[in-house]
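Here is how the chains run, residue by residue.
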Amino acid sequence: MRRAAGPLFSLLFAVTLSACAAALIPATSDPQKKIGYAYMLFDEQQRPLPAERLIREAIEAYKQQNDELGLAEGYRAYGFFFRSPAIEKWRKIYEEHGFLDKSATYFNRYDESIEYFEHSARLFEKNDKYDSLTNIYLNMGFTYEFAKKNDKACEAYRTSLVASSKFKESNPSTSITLPKGFVGTYEDYINGLLKRLECK
C-alpha cells in the first residue's frame, strides 16, 4: 500500500516545490522579465521546475506579440535550460514525470537543447543579429560536447566564427565579449576550442 503511494508522492512533491519556488518570484506579465527570472531560477538557484514554466509563458507571450527577437531569446533560454546542471540535480523527478515540453526526456535533454538553439539561430539570422548568432552557435558547440558529439561541436564552433566575422563587418568598432581571463581575439578563442577537440 505504501509503495503504491511513492510515484504520487513524488509528483505532489515536485508540484509543491515548483509552486513554492515560483512564489518567491515577483509576478509579471513582461516576457523579458520572465526569462530573466527563469535564468536566475535554473542557473543560480538550481530550481528548474518553475523556470521551465516561466520560459514557456515568455515564449507564448512573444508569439502573441509577433516579436521574433523576443521569441529568439525565449528559445535561447530554453536551450540553456535543457543543458543546465540544475536538471541533473532533479534527475529523479524528470525521469519519472518528464518536462512541460512533452517531447523532452531526461535522456534526450541535450538534443532538446540543440533544437531550441536552432530555433533561436534561425530567428537571429533572419533579423541579422550576428552577435547573438555567434553566441548561439558557440553554445550549440558546448552542448554537442556535453553530448559527446565532437564532430558536430567542431562544426558549430566554426559556424560561430563565421557569424562573428559577419558581425564585425557591420560593427567594426564593437568587439565580442570573451570569457573572463581570456586574452586574444574571438578567432583565437575558437581556434583553441578546435585544437582541443582535434577538429579536422
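As the structure is a prediction and not an experimental result, all values here were calculated from the model.

About the criteria used
Residues numbered from 1 in each chain as written. Predicted model: local features only at pLDDT ≥ 70, side-chain atom pairs only at ≥ 80, totals over all residues. Heavy atoms only, no water. Helix = DSSP H or I, 4+ residues; strand = E, 2+ residues; numbered from the N terminus. Buried < 20%, exposed > 50% of the residue type's maximum accessible area, 1.4 Å probe, protein only. Contact = heavy atoms within 4.5 Å. Disulfide = S-S within 2.5 Å. 1 Å grid on protein atoms, 1.4 Å probe; cavity = no way out; pocket = protein on both sides within 12 Å on 5 of 7 lines; lining within 4 Å. Points joined across faces, edges and corners; volume = space filled by probe spheres on them. Nonpolar A, V, L, I, M, F, W, Y, C, P; charged D, E, K, R; others polar. Axes fitted to C-alpha atoms, helices over the stretch in contact; angles between N-to-C directions. Parallel < 35°, antiparallel > 145°, perpendicular 65-115°, else oblique. Left-handed = near helix turned anticlockwise from the far one by under 90°.

Draft legend 1. View of the overall build of the chain. When its secondary structure is counted, the chain shows 10 helices and zero strands. Listed by position from the N terminus, the elements making up the chain come as α-α-α-α-α-α-α-α-α-α. Counting only residues that meet the buried cut, the chain has 44% of its 200 residues in that class. Partitioning the contacts of the chain with sequence separation of at least 6, the portion at a separation of at least 24 is 59%.

Draft legend 2. A look at the state of the cysteines. A complete count under the given rule lists one disulfide for this structure. Covalently, Cys 154 is tied to Cys 199 through a disulfide, its sulfur atoms 1.9 Å apart. Its S-S torsion of approximately -80° makes the covalent link between Cys 154 and Cys 199 left-handed. Taken together, the positions of Cys 154 in helix H9 (residues 150-170) and Cys 199 in the segment after helix H10 (186-196) put the pair 45 residues apart, joining distant regions of the chain.

Draft legend 3. Quick look at unusual backbone geometry. Phi angles above zero are rare outside glycine, and Asn 66 is one such case at about 55°. With respect to the helices, strands and loops of the structure, Asn 66 is situated in the loop between helix H3 (48-65) and helix H4 (68-82). Using a relative accessible area of 65% as the deciding quantity, one classes Asn 66 as exposed. A positive phi is found at Lys 148, a non-glycine position, where the angle reads about 60°. Within the element layout of this structure, Lys 148 appears in the loop between helix H8 (130-146) and H9.

Draft legend 4. Focus on the layout of surface pockets. In this structure, the second largest pocket occupies an estimated 200 Å³ of space. Residue lining of the second largest pocket: 13 residues in total, with Asp 131, Asn 135, Ile 176, Thr 177 and Leu 178 positioned closest to the centre. Among the elements of the structure, H8 and H10 are those that each provide at least two residues to the lining of the second largest pocket. Broken down by element, the lining of the second largest pocket gets its largest block of residues, four residues, from H8. When grouped by side-chain class, the residues that make up the lining of the second largest pocket number seven nonpolar, five polar and one charged.

Draft legend 5. Main features of the packing of H3 against H4. The contact between H3 and H4 brings their axes to 8 Å, and the two run at 160°. In this view, H3 runs roughly antiparallel relative to H4, as classed from their interaxial angle. H4 is crossed by H3, and the crossing has left-handed handedness. Together, Pro 48, Ala 51, Glu 52, Ile 55, Arg 56, Ile 59, Tyr 62 and Lys 63 of H3 and Gly 70, Leu 71, Gly 74, Tyr 75, Ala 77, Tyr 78, Phe 81 and Phe 82 of H4 make up the contact between the two elements.

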